[in-house]
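If you want the building blocks of each chain, they are given just below.
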Amino acid sequence: MDEPLNAVCPFLLGGLRMKEKEYKIDSRFFQIHTTGSGIVAACVFLACIVGILMGFYPKLLMLVIVVTAYTFWNTFIAISNPQKVFYFR
C-alpha cells in the first residue's frame, strides 16, 4: 500500500492526514518461525492420519489433528502472522 489510508478513503477520520509506518520481520526469521511451524504442523497432521489408520491411540491423535489443523489454518490460510504490518497514526 503506497498511499495512506485516508488518501484512499478521505471520509475516514475527517480527511486528516495520517502518518504511515511499515514494520517488516526479517525474512530468515519469518521463514523459520512462521512458515517452518506451518510445515511441521502439516507433517504431524499427516503422521497422525497414518497413526489413526493403523489404530495407534486414535483419541489422542484426533486431539493432535485438531491442534495441527488450527496451526496450519492460521499459518497458510488465514495468514494471521503477516511478514509486513502497517501502522497508521
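Conventions we followed
Residues numbered from 1 in each chain as written. Predicted model: local features only at pLDDT ≥ 70, side-chain atom pairs only at ≥ 80, totals over all residues. Heavy atoms only, no water. Helix = DSSP H or I, 4+ residues; strand = E, 2+ residues; numbered from the N terminus. Expected span 1.5 Å × (residues − 1). Buried < 20%, exposed > 50% of the residue type's maximum accessible area, 1.4 Å probe, protein only. pLDDT = per-residue confidence, 0-100. Salt bridge = Lys/Arg side-chain N within 4 Å of Asp/Glu carboxyl O.

K.L.:
Please explain helix H3 (residues 58–77) as it appears in this structure.
P.N.:
Since one α-helical turn is 3.6 residues long, residues separated by three or four positions face the same way. With 20 residues, H3 extends 26 Å between its outermost C-alpha atoms, agreeing within 8% with the 28 Å of an ideal straight helix rising 1.5 Å per residue. Within H3, burial applies to Leu61, Ile65, Thr68, Asn74 and Thr75. Following H3 by one or two positions, Ile79 has its phi on the positive side, about 50°.

K.L.:
Got a minute to help me understand the confidence of the model for the chain in this structure?
P.N.:
Chain-level pLDDT for the chain is 81 on average; 79% of the residues reach the 70-or-more range. Looking across the chain, the model is least confident in helix H1 (residues 5–8), with a mean pLDDT of 50, and most confident in H3, with 94.

K.L.:
What exactly am I supposed to notice about the pattern of salt bridges here?
P.N.:
Opposite charge on two side chains permits pairing when their charged atoms draw close. Under the criterion given, the structure shown has two salt bridges. Notably, a salt bridge pairs Lys84 with Glu22, separated by 4.0 Å at the nearest N-O pair. In this pair, Lys84 sits in strand S2 (residues 84–88) while Glu22 sits in strand S1 (residues 20–24), placing the two residues 62 residues apart along the sequence. You can call Lys84 partly exposed: its relative accessible area is 43%. For Glu22, a relative accessible area of 43% puts it in the partly exposed group. The closest approach of N and O atoms between Arg28 and Asp26, which form a salt bridge, is 3.7 Å. When its relative accessible area of 41% is taken as the criterion, Asp26 is described as partly exposed.

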